[in-house]
Amino acid sequence: MARSPRPDATVPDASVFEYLFGGLGEGELDAVAIVDGTSGAETTYRQLVGQVSLLAGALAAREVAVGDVVALLCPNVPAFATVFHGILRAGATATTVNSLYTPEEIASQLTDSGATWFFTVSPLLPGAKAAAEQVGIADDHLVVLDGAEGHPSLRDLLGEGRPAPDISFDPAEHLAVLPYSSGTTGRPKGVMLTHRNLVANVTQNIQAIGLEREDRVLAVLPFFHIYGMTVLLNYALKCRASLVTMPRFDLAEFLRVIGEYRATWLFIAPPIAVALAKHPLVAQADLSSVKVVFSGAAPLDGALAEAVADRLDCIVCQGYGMTETSPVTHVIPVDRPELDRSSIGHLLPSTEARVIDVETGSDVEVPAEGASRPGEIWIRGPQVMKGYLGNPEATAEMLDADGWLHTGDIATVTADGVYRIVDRLKELIKYKGYQVAPAVLEAVLLAHPRIADAAVIGVPDEDGQEIPKAFVVVQAGADLTAEEVVAHVAEHVAPHEKVRAVEFIDVVPKSTAGKILRKDLRARQAAASGA
Ligand code: 4UU
């Protein structure tokens, strides 16, 4: 077992709102908290906190309180911060929804989380409304931030001018957020993160990442996902840096926003690193303001990291973690240039890890020099979730009685505490940093009348990034093309979940218990690609 080399983090016994905004000094209130990268509109910390309080007041007037769940489906715009923190300030729990989701996926999250109020924006209203109708959320509980006929708007709610309510709860027990994650297996589940989980991860990041007040932080990674939620919406705001929001990734717009707002830190996922390293547009852009590019959510290749560092003349860092750990557990700190960029660096303060040999179940031996043998990484710390909502079986599979979270990721570790992710034990696929659950795609594939059996795994594309690939067994006597398979899946899932490669096989390899042997499919794939 290893513990972070850093001193423990002190986790205050506070709500997310009190911790982030309770101690704002006079000098900090008029600093810019958020810039809308599209319009240039600025929100100061004073304005943000004012709006958050007004929204909490409006929710309280509608009897939204501790124990209620409010859903939020919204791209990265400044109002996201108002609504997100307003929900928490009212004592309710925020369930953030992937803005690419289909109406069916949205409806399933609304039902599972038990959301009674739903906030969205007009461009996403058709999908939101279809989902709300399915689950019985009425139009007067479906708030459209920028306004739409028949729905309350953000302006309506803030305009009521109500004060934030007096509420009380135990930050160590009360759920702040319910993001959805498929974890190691199966369909997305609600990850129960308490106020303490979120506060802890911010305090840990403060010691390990190193943002400063003067920093302008590009906020293109979605706030609905735990990476954007904790690192941008919570950690960067606690550092009193300025967020520059972008509602979606588009390379030309991304480069324009960096240049125009002189962004100093870019938080990205690896596919953006590929663009930064290779794309010709980058050569013409002014990226001279960028000091640090920080990658997470999927493996970052070492040569790719070097190429970005050279081309932008900046530091490239990497972080690792998962929704179930709020998310950050490991980072390469900015002040450790000697660390290999393809590693995930050190454990965060107050975080413990074990690397467990999957065959023997015991801790791997850590040699005096070089890296250990690979094993599954286990995590313990104040950022570890309470469990999956309404799913004690899935919780017990991942979180053991001693508080160790079994990540399903395979890592090595060195004697000086440097970790490297080398493989994945679990079935989860990461496409552009987004979760893709094979179980969801397999169910969609099996629903096709001409498909007898199917399995999905992640395979590398030509840039080394992971894409979902389907192995399909066609019904006896039926005809089916790869294009038909791709089109069928695309009809039923969000764009990032599409199957992007198809191979027809005679039989899906399975264990005697009927479990898909994904490692056999991976071996087959590796043999075919000559790896
Ligand atoms: C190899 O993607 C995330 C969390 C991202 C994150 C964490 C700490 C970003 C910045 C940061 O500092 O969460 P999930 O739940 O969507 O996906 C979790 C899974 C992990 O279990 C692992 O398989 O995503 C993969 N993953 C990584 N894999 C996350 N980060 C890495 C990484 N290298 N750096």
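As the structure is a computational prediction, the values presented were derived from the model and not from experiment.

**Q** Looking at this model, I keep getting lost on the overall build of the protein chain. Mind explaining?
**A** Helix and strand counts for the protein chain come out as 17 helices and 27 strands. The C-alpha radius of gyration of the protein chain comes to 23 Å, within 12% of the 24 Å expected for a compact globule of 531 residues. Principal-axis analysis of the C-alpha atoms places the extent of the protein chain at approximately 65 × 55 × 55 Å. Taken across its 531 residues, the protein chain has 57% of its residues classed as buried. Considering the protein chain, the positive charge centre built from 42 side chains and the negative charge centre built from 67 side chains are found 1 Å apart.

**Q** What is the right way to look at helix 13 (residues 302-312) in this model?
**A** Because an α-helix completes one turn every 3.6 residues, residues spaced three or four positions apart along the sequence face the same direction. Within helix 13, burial applies to Gly302, Leu304, Ala305, Val308, Ala309 and Leu312. An end-on view of helix 13 places all buried positions within 165° of arc, on one side of the element. Residues of helix 13 that are exposed and point more than 90 degrees away from the buried face comprise Ala303 and Asp310. Check the buried side of helix 13 and you find it contacts helix 11 (270-278), helix 12 (281-284), strand 14 (292-295) and strand 15 (315-321). The N-cap residue of helix 13 is aspartate 301: its side-chain oxygen and the backbone nitrogen of alanine 303 are 3.1 Å apart. Positive phi appears at aspartate 313, one or two residues downstream of helix 13, with a value of about 50°.

**Q** Got a minute to help me understand the environment of alanine 56 in this structure?
**A** Looking at the secondary structure, you find alanine 56 in helix 3 (residues 45-61). You can call alanine 56 buried: its relative accessible area is 0%. The spacing of alanine 56 and phenylalanine 84 is 28 residues in sequence and 10.0 Å in space, taken between C-alpha atoms. Look past the residues within four positions of alanine 56 in its chain and what remains in contact with it is Gly86, Arg89, Ala90, Ala164 and Pro165.

**Q** Would you mind going over unusual backbone geometry with me for this structure?
**A** Negative phi is the rule for most residues except glycine; trans is the rule for most peptide bonds. Following serine 326, the chain continues to proline 327 via a peptide bond in cis, the omega torsion being -5°. In this structure, proline 327 sits in the loop between strand 15 and strand 16 (328-331). A positive phi angle is found at alanine 297, which is not glycine, with a value near 90°. You can see alanine 297 is positioned in the loop between strand 14 and helix 13. Classification of alanine 297 as partly exposed rests on a relative accessible area of 24%. The phi angle at lysine 432 is positive, at roughly 55°, despite the residue not being glycine.

**Q** Looking at this structure, I do not really get the environment of leucine 54. What am I missing?
**A** Considering the arrangement of structural elements, one finds leucine 54 in helix 3. On the basis of relative accessible area, leucine 54 is assigned to the partly exposed category, the value being 27%. For the pair formed by leucine 54 and alanine 90, sequence separation is 36 residues and the distance between their alpha carbons is 9.7 Å. Excluding residues that lie within four positions of it along the chain, leucine 54 makes contacts with Leu158, Gly161 and Arg162.

**Q** Looking at this structure, how should I read the sheet that holds strand 27 (residues 501-504)?
**A** Paired through backbone hydrogen bonds, the strands of a sheet run either parallel or antiparallel to each other. Taken together, 3 strands build an open sheet; the order of strands is 25-26-27 and the sheet is mixed. On the outer flanks of this sheet lie strand 25 (451-460) and strand 27, each paired with one strand and no other. Taken over all neighbouring pairs, the strand axes of this sheet differ in orientation by 25° on average, direction set aside. As paired strands, strand 25 and strand 26 (residues 466-474) are joined by 9 bridges and run antiparallel to one another. By the bridge assignment, valine 459 is partnered in strand 26 with isoleucine 467.

**Q** Even after reading the chapter, I still don't get the nonpolar core, so can you show me in this structure?
**A** Grouped burial of nonpolar side chains is what soluble globular proteins tend to show. Ranked by internal contacts, the top residues of the largest apolar core, which has 97 residues, are Phe21, Phe84, Phe119, Val177, Val217, Leu243 and Phe267. Top contributing element to this core by residue count: helix 9 (residues 226-238), with 9 residues. If sequence neighbours within four positions are ignored, phenylalanine 119 has contacts with Leu55, Leu59, Val70, Ala71, Leu72, Leu73, Val83, Val143, Leu145 and Leu157. Counting 33 residues, the second-largest nonpolar core is a separate cluster that includes Val274, Val290, Leu300 and Leu304.

**Q** Looking at this structure, I do not really get the packing of aromatic side chains. What am I missing?
**A** Here the distance between the centres and the angle between the planes together describe a pair of aromatic rings. As enumerated under the stated definition, the model contains 8 aromatic pairs in all. Plain terms: the ring middles of phenylalanine 80 and phenylalanine 84 are 6.3 Å apart, the flat faces sit at 25° to each other, and that makes the pair stacked. Linking phenylalanine 80 with phenylalanine 84, this pair stays in helix 4 (residues 78-89), spanning 4 residues, or about one helical turn. Comparing phenylalanine 80 with phenylalanine 84 shows no difference in burial state: the two are buried. For the pair tryptophan 265 and phenylalanine 267, a centre-to-centre distance of 5.5 Å together with 25° between the ring planes defines the contact as stacked. A single burial state applies to tryptophan 265 and to phenylalanine 267, both of which are buried.

Cut-offs and rules
- Residues numbered from 1 in each chain as written.
- Predicted model: local features only at pLDDT ≥ 70, side-chain atom pairs only at ≥ 80, totals over all residues.
- Heavy atoms only, no water.
- Helix = DSSP H or I, 4+ residues; strand = E, 2+ residues; numbered from the N terminus.
- Rg over C-alpha atoms; globule rule 2.2 N^0.38 Å.
- Buried < 20%, exposed > 50% of the residue type's maximum accessible area, 1.4 Å probe, protein only.
- Lys, Arg positive; Asp, Glu negative; His and termini not counted.
- Charge placed at Lys NZ, Arg CZ, Asp CG, Glu CD.
- Arc of directions from axis to C-beta.
- Contact = heavy atoms within 4.5 Å.
- Polar contact = N/O pair within 3.5 Å; in protein donor to acceptor, adjacent residues only side chain to side chain.
- Pairing = 2+ DSSP bridges.
- Axes fitted to C-alpha atoms, helices over the stretch in contact; angles between N-to-C directions.
- Core = buried A, V, L, I, M, F, W, Y, C linked by side-chain atoms within 4.5 Å.
- Phe/Tyr/Trp six-rings, centres within 6.5 Å; stacked < 30°, edge-to-face > 60°.

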